[in-house]
Amino acid sequence: MSYTADNRGQYNGSTSASYNAGNHTLSADSQDHLSEPEQNYSYGYTPSITPTHSYSTARSEPGTLQSNRSLSARKGKLMPLKVQMLDDSIVAFQLPSHALGVDLLEACCQSLNLLESDYFGLQFYSQDDVPTWLDSEKMIIKQLAAPKKTNFLFTVKFYIPDPGQLQDEFTKYLYALQIKKDLANGKLPCSENTAALMASYVLQAEVGDYNPAEHDDGRYITIKFVPNQTKQLESKIQEYHKNHLGQTPADADFNLLDVARRLEMYGVHTFPAKDYENIQLFLAVTSQGVSVFQNNMKINTFSWAKIRKLSFKRKRFLVKLHPEGYGYPRSTVEFLLGNRNDCKRFWKNCVEHHTFFRHIQARRTRPRRRLMSRGSSFRYR
């Protein structure tokens, strides 16, 4: 038995886009609610350098979680905003009406006294019920119609390959809460035994050591760990729980993360797509690169070192590979996604993950006006 969940919504959109080599240029028709001002960004790295995944507990450069303008220096009305934290608590904030996405994210991190903040982001559900990342560099009021009525979600955005590398225990705790949510929502499919083992670590962190006098009847298991939870699964959870005597909540969280990181779908948020043979697949971006899934199984990964360029045009998502040394029959692999907005969301997610995990800083260049632009480009150098 495995535990999965359906997608929350469908992607809608019809505008076209293309990808221009060497620059990140985003533009579209006026009808496209995802359109952005025309900008040029240059990203680059040396392909021979191997990514090291050494994560610092200090905040990154000031632009990572701090806006260029001080909130206190801004004038205007205050805007009430609500954010649901990983423990499901709702925290209210008052920000200027022209606040950027980074301001709300920074406010969340400060309210939590969070040091390792770079791994987290804010999501909201669009009008077509699609989870969307709040853009840190854009004004909140320009990203959604009614921010005051929106329930933002504070969540893990970048899943590192080994959460044991995290330095702060509180960050590990937040990661464990995220894994608990992913398991309960069906976003982390796994076998019944693995689900029971992970749930037993959650239970150990919540209630402590197994006590036969209090827990023998199994009625103490009141948490929903997976979709469609059964009594049989709860019995397995109870048996695993008996073996965790003496584990502190921090120990249980560490063991939970250690099991989760080995799963195929750890940190994976898929986008439905089809290949050139019209076979139904799912695309995802991880710390390693762009992965292809079929029936919750990874069938291919295009690592960052193999990718020369990512592009999209309308509903077509293109992965251009380095021509030599990797044994692929074609230098460009094409996938067809649901619509243009779907392509753009996935492409942008790829850019953000590449920038984060390859430790590359985006260098802004002078904007270059173009009469017509139908897409965006991100070239690996």
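Because the structure is a prediction, the values reported are computed rather than measured.

With that settled, consider the overall build of the protein. Looking only at helices and strands, one finds eight helices and 15 strands in the protein. Out of the 381 residues in the protein, the part that is buried amounts to 48%. Only carbon and sulfur atoms are counted for the fraction: they give 48% of the accessible area of the protein, which is about 18,900 Å².

Next up on the list: the confidence of the model for the protein. Averaged over every residue, the pLDDT of the protein is 78; the share at 70 or more is 72%. Low confidence marks residues 4–70, where pLDDT is under 50. Its contacts with residues over four positions away, or in another chain, come to 203 contacts.

Here helix H4 (residues 192–207) contains 16 residues, and its C-alpha end-to-end distance of 22 Å stays within 8% of the 22 Å for a straight helix at 1.5 Å per residue. Within H4 the residues assigned to the buried category are Glu 192, Ala 195, Ala 196, Met 198, Ala 199, Ser 200, Tyr 201, Val 202, Leu 203 and Gln 204. Residues of H4 that are buried sit in contact with helix H3 (169–184), helix H6 (231–241) and helix H7 (249–260). Downstream of H4 by a residue or two, Gly 208 has a phi angle that is positive, lying close to 85°.

Relative to the helices and strands, Asn 339 is located in the loop between strand E13 (332–337) and helix H8 (340–357). Polar side-chain contacts of Asn 339 include one of 3.1 Å to the backbone nitrogen of Asn 341.

Here we come to the nonpolar core. Leu 104 and Phe 154 are the most contacted members of the largest nonpolar core, which totals 58 residues. Per element, the largest residue contribution to this core is seven residues, and it comes from H4. If sequence neighbours within four positions are ignored, Leu 104 has contacts with Leu 81, Val 83, Phe 93, Leu 95, Leu 122, Leu 134, Ile 140 and Phe 152.

Time to look at unusual backbone geometry. Working note: non-glycine residues mostly have negative phi, and peptide bonds are mostly trans. Not every positive phi belongs to a glycine, and Asn 278 is a case in point at roughly 65°. Along the chain, Asn 278 falls in the loop between strand E7 (271–274) and strand E8 (280–285). By relative accessible area, Asn 278 is classed as exposed at 53%. Its identity is not glycine, yet Asn 296 carries a phi of approximately 60°, on the positive side. In this fold, Asn 296 is placed in the loop between strand E9 (289–294) and strand E10 (297–303).

Taken as a whole and judged by the stated rule, the model has 15 aromatic pairs. Relative to Tyr 266, the ring of Tyr 159 lies with its centre 5.4 Å away and its plane at 90°, an arrangement referred to as edge-to-face. Here the residue Tyr 159 occupies a position in the loop between strand E6 (151–156) and H3, and Tyr 266 occupies one in the loop between H7 and E7, the gap between them amounting to 107 residues. Of the two residues, Tyr 159 and Tyr 266, both sit in the buried class. Both rings, one in Phe 356 and one in Phe 357, keep their centres 5.0 Å apart while their planes meet at 80°; by these two values the pair is edge-to-face. For Phe 356, a relative accessible area of 18% gives the class buried. A connected cluster of aromatic rings, assembled from ring pairs, spans Tyr 119, Phe 120, Phe 154, Phe 158, Tyr 159, Tyr 175, Tyr 266, Phe 356 and Phe 357.

Turning our eyes to something else, we now look at the environment of Lys 309. Tracing the chain through its elements places Lys 309 in strand E11 (residues 307–313). Along the chain, Lys 309 and Thr 332 lie 23 residues apart, while their C-alpha atoms are 9.1 Å from each other.

For the rest of this paragraph, the subject is the pattern of salt bridges. Under the definition given, this model contains 13 salt bridges. For Glu 206, the salt bridge identified is with Lys 180, shortest N-O distance 3.4 Å. In this pair, Glu 206 is assigned in helix H4 and Lys 180 in helix H3, connecting sequence segments 26 residues apart. What makes Glu 206 partly exposed here is its relative accessible area of 47%. The salt bridge involving Glu 239 is made with Lys 242; its shortest N-O contact spans 3.1 Å.

Turning to the sheet that holds strand E3 (residues 90–96), a few remarks are in order. Strand order in this open sheet of five strands is E3-E2-E6-E4-E5, and the pairing throughout is mixed. In this open sheet, the two strands that pair with only one neighbour each are E3 and strand E5 (131–133). Across the sheet, the mean angle separating the axes of adjacent strands is 40° when strand polarity is ignored. For strand E2 (residues 78–84) and E3, the ladder comprises seven bridges, and the chain directions are antiparallel. Each residue of the ladder has a partner; that of Leu 81, found in E3, is Phe 93.

Cut-off values and rules
Residues numbered from 1 in each chain as written. Predicted model: local features only at pLDDT ≥ 70, side-chain atom pairs only at ≥ 80, totals over all residues. Heavy atoms only, no water. Helix = DSSP H or I, 4+ residues; strand = E, 2+ residues; numbered from the N terminus. Buried < 20%, exposed > 50% of the residue type's maximum accessible area, 1.4 Å probe, protein only. Areas by Shrake-Rupley, 256 points an atom, 1.4 Å probe, with all protein chains shown as cover. pLDDT = per-residue confidence, 0-100. Contact = heavy atoms within 4.5 Å. Expected span 1.5 Å × (residues − 1). Polar contact = N/O pair within 3.5 Å; in protein donor to acceptor, adjacent residues only side chain to side chain. Core = buried A, V, L, I, M, F, W, Y, C linked by side-chain atoms within 4.5 Å. Phe/Tyr/Trp six-rings, centres within 6.5 Å; stacked < 30°, edge-to-face > 60°. Salt bridge = Lys/Arg side-chain N within 4 Å of Asp/Glu carboxyl O. Pairing = 2+ DSSP bridges. Axes fitted to C-alpha atoms, helices over the stretch in contact; angles between N-to-C directions.

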